[in-house]
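# Structural characterization, general
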Amino acid sequence: MLPVLSLPISLRRLLDAFAGCFTTPTFEVFHAMVLGLVAQTGQRTVCGMLAGAGLATTWSHDRAHRFFSGARWQIDQVGLIVFDLVLTHLVADGAEVHLAVDDTAHRRRGKKVHGVGWIHDGSAPARNKLAFGHRWVVVGVVVRLAFLSRPLRLPVLCRRWRGKGTASTVDLAAQMITSIARRVPGRRVHVVADAAYHGKSLRELPTQVSFTTRLPRNAVLYHRAPAPTGKRGRPRLKGDRIGCPAQAAATAMWQTITVARYGRSDTVRVAVLDCLWYGVFGPQPVRLILVHDRDKGPMLALITTDLQAAPADLVARYAARWAIEVTFFDTRQTLGVGQARNRTAQAVNRTWAFGMYVYTLVVLWYALHGHRSGIVADRRVHAPWYLSKTDPSFADMLTALRRTLIAARFMSSRPAQPTNAEIRQVQHAWALAAA
């Protein structure tokens, strides 16, 4: 492991924010696991993290496994500290907070792995879309960085769905959104999710939270409740039936607007209707946004509790949800999240979420200290055929942090002229950092 004094001060300051989550010995292991996951270019198992931190011959592997399976710390507390760091450094003071919610399947093997079962996996190649493993619900902050043309979604809270008969994915999402909203009293929080996220638990979200989701095709909408008539009996809670989104579109008034999404400006036709989705939000007023890219193309139906935002802003807000899929790809393929083979309950509930938070820390460090203007040009020198590259990728961010760790390890420990063996070791480590 890097000695504490040789840690880059930029990274050390970020990690010091988590000191209150751990005891002193556990905090040392936390440093090692973060650095090991970042530095490891091979298997990112728990022992792989230990080897990546340079402690495979110094510490017992039990110490690393105990960090996830038995040490006294709370994974949600770590996630909320990650949220605080993102809010402090990447979101303007007093600005609205944008969150994106989605779930992902994490495949596992073995009957003794805690909580595994058959789950839905939308990315599965088979027709039945089934996978054996865990299902995770992730809430991330959507941020826009000056050096990127696309939004990023940074995970800040993760919870595992425990199966039928327990809290649903919508319930878990509502719990995490509420925890985040309590962290930022007085600030507006806008949440986007796909069509799977609708349920009565969304009625209990704090008043500062707006929720935008894609409307299922079979959802039934109603007009808002009419004014009380003064007659005896309970006043009506909903108006006349509108019907499904297709029926609402048949009588809607359409207009043409320009929306900024997916890095470009598109001209689309939209229709806006104030209504009720009584089966989900009850008597709470909502707004239906119907979007047509082409006259004969598929229609996108959005429902939102944000009654103040313009239709173009709501369409762009929902389009930014695509950053979730990019995050899931980068965490799996580049950072190696999910390669750990824990089996006990506490280790299962901690390790995957821990990797997601390390992803956020890497992006946060790069945004604050690692970015330089020539990184894209350097990449094109090594891959001249990659003409479409305009922004640094997460792989570039991870490489920059790895090289900073390498420099801090060798330069601070031996300020004198290094030996030939040390030079070769640094060159080898430098090459692996870009792997």
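Structure: above.
Report follows, based on the coordinates. None of these values were measured; they are calculated from a predicted model.

Positive phi, close to 55°, is recorded for Tyr262, a residue that is not glycine. Under the relative-accessibility criterion, Tyr262 is labelled partly exposed at 47%.

A separate point is the nonpolar core. If you look at the biggest cluster of nonpolar residues, it comprises 123 residues, and the most contacted ones within it are Phe18 and Met33. With 14 residues, the single largest contributor to this core is helix H11 (residues 345–370). With near-sequence residues (within four places) excluded, Phe18 lies in contact with Phe27, Phe30, Val78, Ile81, Val82, Leu85 and Leu361. Of all hydrophobic cores here, the second largest spans 11 residues; its members include Val268, Val270, Ile289 and Val291.

As a further point, take the pattern of salt bridges. Where side chains of opposite charge bring their charged atoms close, a pairing between them can arise. Applying the stated criterion to the full structure yields 14 salt bridges. A salt bridge links Arg261 to Asp266; its shortest N-O distance comes to 3.0 Å. Each member of the pair, Arg261 together with Asp266, is buried. Among the ionic pairs, Asp274 bridges to Arg287, the shortest N-O distance being 2.6 Å. Of this pair, Asp274 sits in strand E10 (residues 264–275) while Arg287 is found in strand E11 (residues 286–292), placing the two residues 13 residues apart along the sequence. Take Arg287: its relative accessible area is 16%, and that puts it in the buried class. Among the charged side chains, a network of salt bridges with common partners joins Arg261, Arg264, Asp266 and Asp293.

Right, let's get into the pairing of strand E3 (residues 130–143). The element E3 is extensively covered by neighbouring structure, given that 12 of its 14 residues are classed as buried. Note that strand E1 (residues 97–107) and E3 share nine bridges and pair antiparallel. By the bridge assignment, His106 is partnered in E3 with His134. One ladder, built from four bridges, connects strand E2 (residues 117–120) with E3; its direction is antiparallel. Counted as the bridge partner of His120 is Leu130 from E3. Across nine bridges, E3 lies against strand E4 (residues 152–161) in antiparallel orientation. Bridge pairing links Val143 to Leu152 in E4.

Cut-off values and rules
Residues numbered from 1 in each chain as written. Predicted model: local features only at pLDDT ≥ 70, side-chain atom pairs only at ≥ 80, totals over all residues. Heavy atoms only, no water. Buried < 20%, exposed > 50% of the residue type's maximum accessible area, 1.4 Å probe, protein only. Core = buried A, V, L, I, M, F, W, Y, C linked by side-chain atoms within 4.5 Å. Helix = DSSP H or I, 4+ residues; strand = E, 2+ residues; numbered from the N terminus. Contact = heavy atoms within 4.5 Å. Salt bridge = Lys/Arg side-chain N within 4 Å of Asp/Glu carboxyl O. Pairing = 2+ DSSP bridges.

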